[in-house]
Amino acid sequence: MKTREKISIIMNFLIFAFTLFATISVIIGFKFMGQFEVLSERNFGAFKYFTTDSNIFAGLISLAYVIYKFTPNGKKQATLPRAFYILKLAATTGVTLTMMVTVFFLAPTSNGNFLRYFMNSNFFMHLITPLLCIISFIFFEPSESAKLTITIPGILPMLLYSFYYTPNILIHLDNGKVNPDYDWYNFLAGGLNTIWFVIPLLYVVTWIFALGLWAANKKLAKA
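Residues numbered from 1 in each chain as written. Predicted model: local features only at pLDDT ≥ 70, side-chain atom pairs only at ≥ 80, totals over all residues. Heavy atoms only, no water.

Participant: Is there a simple way to think about helix α4 (residues 82-109) in this case?
Facilitator: In an α-helix there are 3.6 residues to a turn, and that puts residues three or four apart on one side. Under the 1.5 Å per step criterion, the end-to-end length of α4 is 39 Å for 28 residues, consistent within 8% with the ideal 40 Å. Along α4, the helix axis deviates most sharply at Thr 102, where the bend reaches about 45°. (Helix = DSSP H or I, 4+ residues; strand = E, 2+ residues; numbered from the N terminus. Expected span 1.5 Å × (residues − 1). Bend = angle between axes of the 7 residues up to and from the residue.)

Participant: Could you clarify how one ought to interpret the layout of surface pockets in this entry?
Facilitator: Once rolled over the atoms, a probe with the size of a water molecule shows which space is left empty. Estimated volume of the largest pocket: approximately 360 Å³. Val 101, Phe 105, Leu 106, Phe 187 and Leu 202 are the residues nearest the centre of the largest pocket, which is lined by 19 residues in total. Mapped onto the lining of the largest pocket, the elements with two or more residues apiece are α4 and α7 (195-220). A per-element tally of the lining of the largest pocket places α4 first, with 7 residues. (1 Å grid on protein atoms, 1.4 Å probe; cavity = no way out; pocket = protein on both sides within 12 Å on 5 of 7 lines; lining within 4 Å. Points joined across faces, edges and corners; volume = space filled by probe spheres on them.)

Participant: What is the right way to look at the packing of aromatic side chains in this model?
Facilitator: How two aromatic rings sit relative to each other is set out by the distance from centre to centre and by the angle between their planes. Going through the model one piece at a time under the given rule, you end up with 24 aromatic pairs. Residues Tyr 49 and Tyr 185 carry aromatic rings whose centres are separated by 6.4 Å and whose planes lie at 85° to one another, so their mutual orientation is edge-to-face. Taken together, the residues Tyr 49 in the loop between α1 (3-28) and α2 (50-69) and Tyr 185 in the loop between α6 (156-170) and α7 connect sequence positions 136 residues apart. Across the pair, exposure class does not vary: Tyr 49 and Tyr 185 are buried alike. Ring pairs connect the aromatic residues Tyr 49, Phe 50, Phe 105, Tyr 161, Tyr 164, Tyr 165, Trp 184, Tyr 185 and Phe 187, which therefore count as one cluster. Its guanidinium or amino end placed over the ring of Tyr 65, Lys 88 lies 5.1 Å from that ring's centre, counting from NZ or CZ. (Phe/Tyr/Trp six-rings, centres within 6.5 Å; stacked < 30°, edge-to-face > 60°. Buried < 20%, exposed > 50% of the residue type's maximum accessible area, 1.4 Å probe, protein only. Lys NZ or Arg CZ within 6 Å of the ring centre and 35° of its normal.)

Participant: Looking at this model, I keep getting lost on empty space enclosed by the protein. Mind explaining?
Facilitator: The final tally for this structure, using the stated rule, is 3 cavities of 30 Å³ or more. Of the volumes computed, that of the largest cavity is approximately 110 Å³. For the lining of the largest cavity, the secondary structure elements donating two or more residues are α2, α4 and α6. In terms of residues, the lining of the largest cavity owes the most to one element, α4, which gives 5 residues. The residue makeup of the lining of the largest cavity, split by class, is 9 nonpolar, 3 polar and no charged. (Nonpolar A, V, L, I, M, F, W, Y, C, P; charged D, E, K, R; others polar.)

Participant: I tried to follow the packing of α1 against helix α5 (residues 121-140) on my own but got confused; where do I start?
Facilitator: Pairs of packed helices are described in terms of their axes, by the angle between the two and the distance that separates them. One can describe the packing of α1 onto α5 by two numbers: an axis separation of 9 Å at closest approach and a directional angle of 160°. As summarised for this structure, α1 and α5 are arranged roughly antiparallel, according to the angle between their axes. Between α1 and α5 lies a crossing of left-handed hand. Across the contact of α1 with α5, the residue classes break down as 16 nonpolar, 8 polar and 1 charged. (Axes fitted to C-alpha atoms, helices over the stretch in contact; angles between N-to-C directions. Parallel < 35°, antiparallel > 145°, perpendicular 65-115°, else oblique. Left-handed = near helix turned anticlockwise from the far one by under 90°.)

Participant: Is there a simple way to explain unusual backbone geometry in this structure?
Facilitator: Working note: non-glycine residues mostly have negative phi, and peptide bonds are mostly trans. Even without being glycine, Asn 175 reaches a positive phi, approximately 55°. Secondary-structure assignment places Asn 175 in the loop between α6 and α7. When its relative accessible area of 77% is taken as the criterion, Asn 175 is described as exposed. In this structure, Asn 186 takes a positive phi of about 60° despite not being glycine. Turning to its location among the elements, Asn 186 is positioned in the loop between α6 and α7. A relative accessible area of 39% places Asn 186 in the partly exposed class.

Participant: Whenever I open this one, the environment of Thr 151 confuses me. Can you help?
Facilitator: Residue position: Thr 151 is located in the loop between α5 and α6. Residue classification places Thr 151 among the buried residues on the basis of a relative accessible area of 0%. Counting along the chain gives 133 residues from Thr 151 to Phe 18, while the straight-line C-alpha distance between them is 26 Å. Sequence-distant contacts of Thr 151, defined by excluding residues within four places in its chain, comprise Leu 89, Trp 207, Ala 210, Leu 211 and Trp 214. (Contact = heavy atoms within 4.5 Å.)

Next up, the structure:
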């Protein structure tokens, strides 16, 4: 097993471990960086957030990666099988979207402290875990086949989440207006009519992230 593979195994194990810790922390309400907390709820209400869902998906794929690398077939292959690569790309794209939306949209436009979006469980879910996923995928996880079309499934986590998020907003309108209690990411803060622009834009942005990750991986990851 090459050094690059060993590094990727360590990083993927850390991704899983941090995800497990952060998920348990948010569910039981454990705070280790003060009392500030956003985009999180105790118990299973936390699963309504894409932040939680995308991190858990990434954590599970990372665990599967570690297990695969210790199987006889995984030890022999320096590159990832196509199906596994697609899952890895989708998971990394999901947490990349989570981090980028937080850094460039949610935190800057909030009225509170910028850093509160990166405290407690969100320290891992909004920052550390996404960064580990990105670094590991770009530099240490080459594929046996990585054509451009492989990026399309990268939007699936966001696409599936939008099938929950958008109807949830629509069935909880307040006199025809968006209720911020159900638009917790403030994507439709400009009004309900922006839904025809904002949701497709999110798909496009997500795909751009998938394209960027794919291109960087293709250039930098070596078998």
